[in-house]
Amino acid sequence: MEETQLKNEIRNSIEHKLSRHYGISVEEASRNQMYKTCARIVRDLLLEKRAKYHEEMKKKQNKKIYYLCMEFLIGRSLKNNIYNLGLDNELQEVLSDWNFQLEDLYEEEPDAGLGNGGLGRLASCFMDSLATLGYPAMGFSICYEYGLFKQKIVDGWQMELPDIWLPGGEVWLKKRTDLTFPVKFEGELKEVWTENGLRIDYNNCNEVEAVAYDMMISGADSDDVAVLRLWKAQDIKNFDMNSFSNGDYNRAMMENTSAELICKVLYPSDNHAEGKTLRIRQEYFLVSASIQNIIHDHLRKYGTLNNFSEKVAIHINDTHPAMCIPELMRIFMDEYQYTWNDAYKMVIDSVTYTNHTVLAEALEKWPEVLIKQQLPRIYEILKELNEQFCQQLWNQYPGDWDRIERMAIISNGQIRMANLSVIGSSHVNGVSKLHSDILKNDVFHDFYQNTPWKFTNVTNGIAHRRWLCQANPELTKLLDECIGDEYKKDASKLAHFRKYHDNLDVLQRLDNIKLNNKIRFSNLMKNKGVTIDPYSMFVVQAKRLHEYKRQLLNVLRIISLYLDLKENPNMHVVPQTFLFAAKAAPGYFAAKEVIKLINHLSVEIEKDPVLRQNIRVVFLENYCVTMAETLMPAAEVSEQISLAGKEASGTGNMKMMINGALTMGTMDGANVEIFDAVGKDNIFIFGMNADEVERRLKSGYAASFYYQNNPKIRRVLDCLRKGFNGESFESIYRYLLVGEYGMGDPYMCLADFDDYLKVHDQLSETYHNRNKWNTMSLYNIAGAERFAADRSVQDYASQIWGIEPLK
Ligand SMILES: *Cc1c(COP(=O)(O)O)cnc(C)c1O
């Protein structure tokens, strides 16, 4: 289309939509109305594109991937969609005539925070890549009314406020009144024999209706539009007219709320499983609605289920949607009269599973009684699955009770969702090489011995168009000039940037770009009343607050530096700002104590004018995708310091790397592969590796040994006791030194402390050598080539899902 014609069309549709939705002219429109108007235009464009793509899909009949996940951490959509559609220039020109700036409109959009952290963000990055690469794909999740809570810090303590995203976010959702499915809970089962065989009736069950809300996800420069389908629950009768007309107003309202409760809030814990009824209901609600939808679509397209696994790939992102295994069995058998064996084969051939954690407290286990009461038919199927599987094991390993017990789905009154997921899938993968090895050698070792072919690895990746091209326009421009723009569609081309490792002009420009991004971030923070010196070194740890991620180790080092500087104010240090951004699960007391420590330490340092010129601690309130998009380009040091073996992959590490930050990290998760990508000279690695951690745990860790023998550690711990800004942190002192079992904290912060300080000293040395630093930064940007979500999705497509792009 000719450019002026396109601009005319945009202009007309803005005027038309403003008049239709608000009855106003452009002159009267507020920023918010203009944001929503642009969002509606983009959404309608995507709906049209999707309809065309849908027709193509019907013709070609490619196998399709359905990606099930309880979380999608979407962030904002307008900027991403406008970028992917390539509309930014034209739209800005039209808006300029009316004195609107696109950047201002972007700020009107609330973050869709329908996820906790890395897992949900990964799912969102994958949708972008699936659409861009042209794979037929659909994501399924829940349309939570409230996303992850908003964090507010009051006197250093985290408070949680509801995240009201729908006003402003709902313009992206297209309600599909034509797509509703009933989901049944509770009740009693009745087996009825009919001429068509066995029929299962449900008496007194509690039925809710799942309604689809579609969000269109555009690919970059592609015909494909992926759909993220979010389910909302509504009462099946919508309203109990009977109770209502009998004057039982309260009861009528109650029935309604019980259905709607399912989609009210996202569970706010990350890497932690809670055995709550509402959570089971949420998980089954997602699974049942999605599976019914998938089967319904398949039948409409092919008229039979016999070719189901040839045309359908169902992926479960962690165990949260694992109930899709018995749900598929249920529908195949109860509604389409397949035999158990045929149904079982169809399930295994279509379902695949990604594990996201090795932390015991995060592996889902449901009390048998709860499943039996909430999902009676699913419970029967789970019992049968378990019995048949154990029988098979008994034949393979006669007498090996221990092994069979470890591998069973049901044991000790608990249903283990991870075992169910492995048993019911054709492929199981971890999210980094190290993590996948740990799955094979440890967490799923018995399963690996039994079915080694199921196990594979797909290292995580990030949507590099969002995290580099959109978040860091200056760096993108430099890359375009140096290596052309092919890397936008093919991230492996980023590797060509290595050629410039000794180009002084390019290195100087990298330095300037980083400074500009730091200034940009500091200015943003100034508007929120937070002072940051953009000329200090930015040391960033931004991720969920969790013991295993060891924010505390970072704090211990800062306290050590603080004490050094108090003793010797003339000591030379690189002026640095320690930026923390982290939400703690609302009930996770130990994590909230760490946030409080960071905030009080920050105030304490701020009181001293000499100290605060050298070091400054800043806690950034309410970490979310939108904040990350401005923080990542400003980061110089990326703190990735989890206890080795515990972080499955990490993706924050990749986001900072691609923006030129250097990693200070342990050999954990994807850090190991970052090390491989950039080489030992371009990364700062410290501490025990995963094997050393294992050996250490076996030989016994005693925190008191470090306290007694290391004066630096003793000094820091004693200082915690005394406290900061009038608050003692005795509880953290005890946690580190004594812990639950008297030996210290389970993540052994003190064992890695010395090495952490030593390697940070090397980093400071290097920071003075600007040329060296910038060269290292350049190698990181170029090395991030392999951490694009496009590459991850291609790995899944070819190794796991067996799907191909439409074109
Ligand atoms: C990328 C991202 C994460 C994951 O960070 P990790 O360091 O990998 O734990 C969490 N939250 C947000 C908002 C993110 O963008």
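About the thresholds
- Residues numbered from 1 in each chain as written.
- Predicted model: local features only at pLDDT ≥ 70, side-chain atom pairs only at ≥ 80, totals over all residues.
- Heavy atoms only, no water.
- Pairing = 2+ DSSP bridges.
- Helix = DSSP H or I, 4+ residues; strand = E, 2+ residues; numbered from the N terminus.
- Contact = heavy atoms within 4.5 Å.
- Axes fitted to C-alpha atoms, helices over the stretch in contact; angles between N-to-C directions.
- Buried < 20%, exposed > 50% of the residue type's maximum accessible area, 1.4 Å probe, protein only.
- Domains from an automatic or database assignment.
- Buried area = accessible area lost by both parts, 1.4 Å probe.
- Salt bridge = Lys/Arg side-chain N within 4 Å of Asp/Glu carboxyl O.
- Polar contact = N/O pair within 3.5 Å; in protein donor to acceptor, adjacent residues only side chain to side chain.
- Near = heavy atom within 4 Å.
- Expected span 1.5 Å × (residues − 1).
- Patch = residues over 30% accessible without salt bridge, like charges linked within 9 Å, V, L, I, M, F, W, Y side chains within 5 Å.
- Areas by Shrake-Rupley, 256 points an atom, 1.4 Å probe, with all protein chains shown as cover.
- Lys, Arg positive; Asp, Glu negative; His and termini not counted.
- Charge placed at Lys NZ, Arg CZ, Asp CG, Glu CD.
- Right-handed = clockwise from strand over helix to strand, strands pointing away.
- Arc of directions from axis to C-beta.
- Left-handed = near helix turned anticlockwise from the far one by under 90°.
- Nonpolar A, V, L, I, M, F, W, Y, C, P; charged D, E, K, R; others polar.
- Core = buried A, V, L, I, M, F, W, Y, C linked by side-chain atoms within 4.5 Å.
- Phe/Tyr/Trp six-rings, centres within 6.5 Å; stacked < 30°, edge-to-face > 60°.
- Lys NZ or Arg CZ within 6 Å of the ring centre and 35° of its normal.

Colleague: So, the sheet that holds strand 22 (residues 637-640): which residues are in play, and what are the values?
Modeller: Strand order across the open sheet formed by 6 strands is 21-20-19-22-23-24, with parallel pairing between neighbours. With partners counted over all chains shown, the strands left at the sheet margins are strand 21 (615-620) and strand 24 (684-685), one partner each. Sheet topology places strand 23 (residues 662-665) next to strand 24; 2 bridges connect them, and they run parallel. Following the sheet pairing, M664 is matched in strand 24 by F684. Most of the contacts of helix 23 (residues 551-567) go to strand 20 (residues 576-581), to which it runs at about 155°, and overall it touches strand 19 (537-542), strand 20, strand 21 and strand 22. Sitting on the sheet, helix 34 (residues 770-783) touches strand 22, strand 23 and strand 24, and the angle it makes with strand 23 is about 85°.

Colleague: How would you explain unusual backbone geometry if you had to name every residue and give the values?
Modeller: Most peptide bonds take the trans configuration, and most residues that are not glycine carry a negative phi. In the Ramachandran plot, D155 falls in the positive-phi region, its phi being about 50° despite a non-glycine side chain. Within the fold, D155 resides in the loop between strand 5 (150-154) and strand 6 (157-161). You can call D155 exposed: its relative accessible area is 71%. A positive phi angle, near 50°, is found at D221, a position not held by glycine. Assignment of secondary structure puts D221 in the loop between strand 10 (206-218) and strand 11 (225-235).

Colleague: Tell me about the domain arrangement of the protein chain, residues and numbers included.
Modeller: Partitioning the protein chain into structural domains gives domain 1 (61-76 + 111-459 + 795-801) and domain 2 (464-689 + 756-784). On a C-alpha basis, the centroid separation for the pair domain 1 and domain 2 is 35 Å. With 41 residues of domain 1 at the interface, the matching set in domain 2 holds 40 residues. Carbon and sulfur atoms supply 55% of the area buried between domain 1 and domain 2, which totals about 3200 Å² over both sides. Three residues stand out in domain 1 for area buried against domain 2, namely R121, Q151 and W157, and they jointly supply 19% of the buried area on that side. If you look at where domain 1 meets domain 2, you find 3 salt bridges. For R465, the salt bridge identified is with D128, shortest N-O distance 3.1 Å. Put simply, domain 1 and domain 2 have 21 residue pairs in polar contact (both at pLDDT 80 or more) between them.

Colleague: Explain the site of the ligand to me, using residue names and the numbers behind them.
Modeller: As a structural note, the neighbourhood of the ligand is formed by 14 residues, with K543, K549, T651, G652 and K655 the closest of them. At a separation of 2.8 Å, an oxygen atom of the ligand approaches a polar backbone atom of T651. Here an oxygen atom of the ligand sits 3.0 Å away from a polar atom, N or O, in the main chain of G652. Taken together, the elements giving at least two residues each to the shell around the ligand come down to helix 26 (625-631) and helix 27 (652-658).

Colleague: Describe helix 10 (residues 277-302), listing the residues and the values that go with them.
Modeller: For helix 10, with 26 residues, the first-to-last C-alpha span of 37 Å sits near the 38 Å given by 1.5 Å per residue. For helix 10, the buried fraction is high: 20 of the 26 residues fall into the buried class. Once helix 10 finishes, G303 follows within two positions and takes phi at roughly 70°, a positive value.

Colleague: Any chance you could break down a negative patch on the surface for me, citing the residues and the numbers?
Modeller: There is a patch of like negative charges on the surface, built from D442, D691, E692 and E694. Of all the elements, helix 29 (residues 690-699) adds the most residues to the negative patch, at 3 residues. Tracing the backbone shows D691 in helix 29.

Colleague: Which residues make up the sheet that holds strand 13 (residues 351-354), and what are the values?
Modeller: The strand order 7-10-11-4-1-12-13-17-18 describes an open sheet built from 9 strands, whose pairing is mixed. Where the open sheet ends on each side, the last strands, each with one partner, are strand 7 (173-185) and strand 18 (455-457). For this sheet, the mean inter-axis angle between neighbouring strands, taken without regard to orientation, is 25°. Pairing analysis gives 4 bridges linking strand 12 (residues 312-317) to strand 13, with the strands arranged parallel. For H315, the partnering residue across the bridge sits in strand 13 and is T352.

Colleague: Run through the environment of F753, naming residues and quoting values.
Modeller: Within the secondary structure layout, F753 lies in helix 33 (residues 749-768). Given the relative accessible area of 1%, F753 is considered buried.

Colleague: Break down the pairing of strand 22 for me, with residues and values.
Modeller: On strand 22, burial covers both faces: V637 and E639 on one face and S638 and Q640 on the other are all buried. Note that strand 19 and strand 22 share 2 bridges and pair parallel. When the bridges of strand 22 are listed, V539 appears paired with V637. In this fold, strand 22 hands off to helix 27, which returns the chain to strand 23; that crossover is right-handed.

Colleague: Before we move on, could you go through the side chain of R377 and cite the residues and values that matter?
Modeller: Secondary-structure assignment places R377 in helix 15 (residues 376-396). Using a relative accessible area of 11% as the deciding quantity, one classes R377 as buried. A distance of 2.6 Å separates the side chain of R377 from the side chain of D334, its partner in a polar contact. For R377, the residues in contact, after removing those within four places along its chain, are L189, I200, Y202, R330, M333 and D334.

Colleague: Hey, could you go over helix 28 (residues 671-678) for me, with residue numbers and the actual values?
Modeller: Since the α-helix advances by 3.6 residues per turn, residues separated by three or four positions end up pointing in the same direction. Looking at helix 28, one finds that the buried residues are N671, E673, I674, A677 and V678. The arc that holds the buried residues of helix 28, viewed along the axis, is 155°, so those residues lie on one side. On the buried face of helix 28, the contacting elements are helix 18 (433-443), strand 22, helix 27, strand 23 and helix 34. Once helix 28 finishes, G679 follows within two positions and takes phi at roughly 85°, a positive value.

Colleague: Please give an account of the packing of helix 1 (residues 3-22) against helix 2 (residues 31-60) that cites residues and values.
Modeller: Axis separation between helix 1 and helix 2 bottoms out at 9 Å; the angle between their running directions is 115°. Between helix 1 and helix 2 the crossing geometry is right-handed. Contacts between helix 1 and helix 2 involve I10, S13, I14, K17, L18, H21 and Y22 from the former and Q33, M34, K36, T37, R40, I41 and D44 from the latter. Here the contact of helix 1 with helix 2 is composed, by residue class, of 6 nonpolar, 4 polar and 4 charged.

Colleague: Describe the nonpolar core, and please don't skip the residues or the numbers.
Modeller: Ranked by size, the top nonpolar core spans 279 residues in total, and within it F285, F497 and L720 carry the most contacts. At 10 residues, the largest contribution of residues to this core is made by helix 23. The residues that make up this core include at least three from each of domain 1 (61-76 + 111-459 + 795-801) and domain 2 (464-689 + 756-784). When residues no more than four places from it in sequence are discounted, the contact partners of F497 are L478, L479, C482, I483, V506, L510, L778, I781 and A782.

Colleague: Tell me what's going on with the packing of aromatic side chains, and back it up with residues and numbers.
Modeller: This structure, assessed with the given rule, holds 27 aromatic pairs. Judged by centre distance (4.9 Å) and plane angle (20°), the rings of Y796 and W801 are stacked. A single burial state applies to Y796 and to W801, both of which are buried. Taken together through their ring pairs, the aromatic side chains of Y353, F389, F444, F447, Y448 and F455 make up a single cluster. Of note, K184 hangs over the ring of Y202, and the distance from its end group to the ring centre comes to 5.2 Å.

Colleague: Residues and numbers for the pattern of salt bridges, please.
Modeller: In this structure the tally under the stated criterion is 52 salt bridges. Of the charged contacts in the structure, one is a salt bridge between K17 and D44, with a shortest N-O distance of 2.8 Å. Of this pair, K17 sits in helix 1 while D44 sits in helix 2, and the two are 27 residues apart along the sequence. K17 gets classed as buried once you look at its relative accessible area, which sits at 10%. Note on D44: relative accessible area 25%, which makes it partly exposed. Sharing partners across several salt bridges, the network here consists of R176, D178, D214 and R229.

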